[in-house]
Each structure stands twice: as structure tokens, then as C-alpha cells.
Amino acid sequence: MKHKTYRFLIAACALGMWISCKQSANFEVNGIIAGADGQTVYLENVGLSGTVTLDSVKLNASGKFSFRQPRPDYPDFYHLRLNNQLINFAIDSTEVLSFLADAGTFATSYTVEGSANVLAIKEITLAQLDANQAIKRLRKEYESGMISDSLYQSQVQEAIGSYKEIALKYIYTQPMSTTSYFALFQQIDGLLFFDLYDKTDSRAYGAVATSYNHFYPESLRARHLYNLALQSLKVLRSERTIDLDKIAKEISLLDIELPDFHGEKIKLSDVARDKVVILNFTVYQSEWSAELNTMLSRIYAGYHAQGMDIYQISLDNDMHLWKNIVSSLPWTCVRDPQSVYSQAAALYNVKRLPAIFILNREGNLVKRIEDFHTLEKEVQDVL
């Protein structure tokens, strides 16, 4: 009898382990969407290289849906899509997520059971949406001339700061969580809220990168994030006692091509060939522009003969004002007609002006200048 009982317990344990393995092989997302009769809800994977649709369900009057998919090897990100509205979530150790939502407020008013991380991601999403709305409103006011450049810049920074305050609550207390990773990569118009080349923001990238590299060293996301953190440190290395030459490649030139005073398109890469280059994003209508250009004139006169040049990008709305000013400047002056929507500025993750970078003779981005009053010394160091 004891032997039978023993064999039964072994069999029961084995069955339990088998069931556990079967359960952990997949994850399930289910729920109810009210008011969505006849509409289609999609389950999509948000990968590093793009979004992939995994499954879809056409909803009936009940609004019920259910998806089952193989569990990812490492924490990964997904969303439910209804029309153009998204519910973001992550899958880590969770097996079942249950959502309740309304079709009209699908992206903002849903509830979820099964994961505290998904609730936290909702908080991050709502903070991102609030910041986006505030910044879009400010841009309309700026473009219509209702607010000055300095007020626009300061209020944009306030909106970004409000988002960061919520995001950092997770990044520094739970750096290994999917919430922290998600918070780090939220954007507005292609610009990351967290600036890779800002000294303070760089620490946030480092915190999450270190945790992901420790807990998920083989994950593609961990490797990608770690490489970004290394790139950030490399740009800031003049202010950090760290040598990354043996473990990270030099940063390639992020090229820009924009029209100059005569309408001829000038490439940054052509100006930067075998030279040390100051790359400057600016607005000539700002109160600090005159002081900055006076300083650039002094630096240009002093170091141009040694192989230093300037590629200055204006984000001014007023083309005629820009032309009047740059007609007397000796360096390369170009203008981005997209103004505050500049893709060139997005490429360099510019959030505030003036933004100044230094490229070395190999075309590598080696410094980001926080205070333009230190620019001359930084140029001397690179030369």
C-alpha cells in the first residue's frame, strides 16, 4: 500500500510538472470590449525592428476575445489594437491577462488583471499621452506667434519633466522591470523623452541596461540597450573616467543634408571631411542667439585655419529673417523648413536649444556641449 501511495505521489508530481510546463509554453490575452460589435481587435508584437501582427478577432455584440501565443524566451512587448487605438502591455512571467475596455476610450480607460507591470505600463502610457498633448498645444501656440521661443522651450521642458518624474519612479526602483524599459523608450514625434546624450538621462539608460544585462544577458533587447548605454557613455566620456575604446566601436556620423542661403543642399559629411566640426542646432529669433553667434565667430576666426569648421542648422520659421542674418556669416549655415518638426533634430535627439555637438576629424560624434560658454575649450581639446 505504501509503495502504491509513493508511486501515485510521484505520478501526481510528474503530472503537475507536465501541466506546469504546458501552461508556461503559452500566454493568453483575453477580455471584453464594449461597444465594438463588428470591429476587429488585433494582437501585435512590438519588436526592435518593427511591429508584427500575430492574430486578430472580429468582435460580436458580446465583445469577447481571446488570444493564445507562444511565450517569448525573454520579456517582450505587445499591444492590442482597435482601429488606431492601442493598449500596450508586456509579457514576462505572466500567463493570463484579462482586459475590460470600451471601444470609444479603448487606449485610456481599460482595466487589466493578471500583472502589476501592465498596470504600471498604463500609467506610463497616460503620462506620455499627457506630455504629447501639452507639447502639441505649445507648438501650435508657438507657430501662431502666441508665445516666444524662450517660453515655448521652457514649457516644453516642463511637460517632458512631468513625464520623466513618473517614469523615473520605476527606472530607479525597478530597473529590471518591463515598465522601466518601456518608460525609457517613449517618444514624441520621433524624439525620445530620455536623451541619450544628456548626463542625467544617461544614468537612467545605464541603470536599466545594467539590470537587463544581468537578468537577461542573451536577450536582443538587453544587447541593444547595453550598446545604446555604451554609445551614450562614449559621447560623454570626456566627463567620465571610463575607457570604452576596447569594448565599443566609434560612433558613425549621422548625416544631414539641408539647403543653404542659395538653396543648394549641403551635406554635413562633406563639411566634416578631415575636419573638427561644431554642429549647432539654433533659432536666430531667440534671445541667446546673438551671444552664441558672437562666440562662434571668435572660435571660427581662431581655429578655422587649424581645420575647424561649423555646420549651423536653423529651425527658424521666418526664412527671410534667417537669410538676412546668415548672409554675413562665414561658416556653413543651413535651414530646416520643418522647424520644430525637424527630422534632423530628431536624428540627434534634440529637445532644447541651442544644441551643440563636436565631431572629430574621423567624423565621429565625440562631445555634446551642455554650456556653450565652455565650447572654445572643448574645441581645443578635440583639435
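Shown above is the structure to which this text applies.
As a starting point, this report considers the structure included with it. (Residues numbered from 1 in each chain as written. Predicted model: local features only at pLDDT ≥ 70, side-chain atom pairs only at ≥ 80, totals over all residues. Heavy atoms only, no water.)

**Focus on the layout of surface pockets**
Inclusion rule: Site definitions follow a grid-based scheme: protein atoms alone, a 1 Å grid, a 1.4 Å probe that fits but cannot get out for cavities, and for pockets an open set with protein on both sides within 12 Å along at least five of seven lines, plus lining residues having an atom within 4 Å of a point. Grid points are joined across faces, edges and corners, and a volume is the space filled by probe spheres set on the points. Put simply, DSSP marks the helices as runs of H or I at least four residues long and the strands as runs of E at least two long, and each gets a number from the N terminus on. When residue character is reported, Ala, Val, Leu, Ile, Met, Phe, Trp, Tyr, Cys and Pro are called nonpolar, Asp, Glu, Lys and Arg charged, and the others, Gly included, polar.
If you add up the space inside the largest pocket, you get close to 790 Å³. For the largest pocket, the lining is made up of 26 residues, of which Val46, Phe182, Phe185, Gln186 and Gln187 are closest to its centre. Listed by contribution, the elements that provide at least two residues to the lining of the largest pocket are strand E2 (40-47), strand E5 (76-82), strand E6 (85-91), helix H2 (116-143), helix H4 (178-184) and helix H6 (220-235). It is E6 that contributes the most residues to the lining of the largest pocket, four residues altogether. Residues belonging to the lining of the largest pocket are distributed by class as follows: 14 nonpolar, 11 polar and one charged.

**Structural notes on the packing of aromatic side chains**
Our working rule: Only Phe, Tyr and Trp rings are paired, with Trp represented by its six-membered ring, and only when their centres lie within 6.5 Å; those with planes under 30 degrees apart are stacked, over 60 edge-to-face, the remainder tilted. Buried residues are those whose accessible area, probed at 1.4 Å on protein chains only, stays under 20% of the maximum for their type, while exposed residues exceed 50% and partly exposed ones sit between those limits.
As enumerated under the stated definition, the model contains 17 aromatic pairs in all. When the centroid spacing of 4.9 Å and the interplanar angle of 40 degrees are considered together, the rings of Tyr181 and Phe185 count as tilted. For the pair Tyr181 and Phe185, one class covers both residues: buried. Ring centres 6.1 Å apart and planes at 80 degrees place the aromatic pair Phe185 and Tyr205 in the edge-to-face group. Residue Phe185 is located in the loop between H4 and strand E9 (187-188), and its partner Tyr205 is located in helix H5 (residues 199-215); the two are separated by 20 residues in the primary sequence.

**Notes on the sheet that holds E6**
We count it as follows: Strands were regarded as paired on the criterion that DSSP finds at least two bridges between them. Fitted lines through C-alpha atoms give the axes, limited to the stretch in contact for helices. The angle between two N-to-C directions lies from 0 to 180 degrees.
Sheet architecture is open: four strands sit in the order E3-E2-E5-E6, paired in antiparallel fashion. Across the chains shown, the open sheet's two edge strands, defined by having one partner strand only, are strand E3 (50-58) and E6. Neighbour to neighbour, the strand axes of the sheet diverge by 25 degrees on average, direction disregarded. Bridge count between E2 and E5: six bridges; the pairing is antiparallel. By the bridge assignment for E5, Asn45 is matched with Tyr78.

**Observations regarding the packing of H2 against helix H3 (residues 149-171)**
A pair of packed helices is characterised by two quantities: the angle between their axes and the separation of those axes. Inclusion rule: Oblique is the label for any angle not covered by the other classes, which are roughly parallel (under 35 degrees), roughly antiparallel (over 145) and roughly perpendicular (65 to 115). When checking whether two residues touch, look at their non-hydrogen atoms; a contact exists if any pair is within 4.5 Å.
For the pair H2 and H3, interaxial distance at closest approach is 9 Å and the crossing angle is 180 degrees. On the basis of their axis angle, the class for H2 and H3 is roughly antiparallel. Of H3, the residues touching H2 (which contributes Ala120, Glu123, Ile124, Ala127, Gln128, Ala131, Ala134, Ile135, Leu138, Arg139 and Tyr142) are Asp149, Tyr152, Gln155, Val156, Ala159, Ile160, Tyr163, Ile166, Ala167, Lys169 and Tyr170. For the contact of H2 with H3, the per-class residue count stands at 16 nonpolar, two polar and four charged.

**Notes on the sheet that holds strand E14 (residues 308-314)**
The five strands lie next to each other as E15-E14-E13-E16-E17, forming an open sheet whose pairing is mixed. Single-partner strands in this sheet number two, and they are strand E15 (332-335) and strand E17 (365-369). Here the strands of the sheet are splayed against their neighbours by 20 degrees on average, with no regard to which way each runs. Bridge count for strand E13 (residues 276-282) against strand E16 (residues 355-359) is five bridges, and the pairing is antiparallel. When the sheet's bridge partners are listed, Asn280 is paired in E16 with Ile356. Running over the sheet, helix H8 (residues 289-303) touches E13, E14 and E16 and is turned about 155 degrees from E14. With respect to the sheet, helix H11 (residues 375-382) is in contact with E13, E14, E16 and E17, its orientation differing from that of E17 by roughly 165 degrees.

**Let's talk about the pattern of salt bridges**
Which entries qualify depends on this criterion: Any carboxyl oxygen of Asp or Glu that lies within 4 Å of a side-chain nitrogen of Lys or Arg is treated as forming a salt bridge with it.
Tallying each qualifying case throughout the model produces 14 salt bridges. A salt bridge links Lys169 to Glu123, with the shortest nitrogen-to-oxygen separation between them at 2.8 Å. Taken together, the residues span a long stretch of sequence, with Lys169 in helix H3 and Glu123 in helix H2 at a distance of 46 residues. Since its relative accessible area comes to 42%, Lys169 is described here as partly exposed. Look at Glu123 and you get partly exposed, because its relative accessible area is 27%. For Glu378, the salt bridge goes to Lys367, with nearest N and O atoms at 3.1 Å. A residue pair is termed long-range when its members are at least 10 positions apart, and Glu378 in helix H11 and Lys367 in strand E17 qualify at 11 residues. Glu378 gets classed as buried once you look at its relative accessible area, which sits at 16%.

**Side note on empty space enclosed by the protein**
All told, the structure shown has two cavities of 30 Å³ or more when counted by the stated rule. Looking at the largest cavity, its volume works out to about 40 Å³. Lining the largest cavity we find Gln157, Ile160, Lys164, Phe193, Asp195, Asp198, Asp201, Lys351 and Arg352. For the lining of the largest cavity, the leading source of residues is H3, giving three residues.

**Remarks on the nonpolar core**
Rules: Among the buried residues, those of types Ala, Val, Leu, Ile, Met, Phe, Trp, Tyr and Cys that are joined through side-chain atoms within 4.5 Å form a nonpolar core.
Membership of the largest hydrophobic core comes to 87 residues, with the highest contact counts inside it found for Ile256, Leu279, Phe281 and Tyr311. Ignoring any residue separated from it by four or fewer positions in sequence, one finds Phe281 in contact with Ile256, Ile313, Ala344, Ala345, Tyr348, Val350, Leu353, Pro354, Ala355 and Phe357. The next biggest cluster of nonpolar side chains, apart from the first, holds 23 residues, and it includes Leu82, Ile87, Ala103 and Phe106.

**Overview of the pairing of E6**
For E6, a buried count of five out of seven residues is recorded, marking the element as mostly surrounded by other parts of the structure. Two elements, E5 and E6, share seven bridges in a ladder whose sense is antiparallel. Bridging from a neighbouring strand, Tyr78 pairs with Phe89 of E6. Between E5 and E6, which pair antiparallel in sequence order, lie two residues; one of them, Asn83, sits at a positive phi of approximately 55 degrees.

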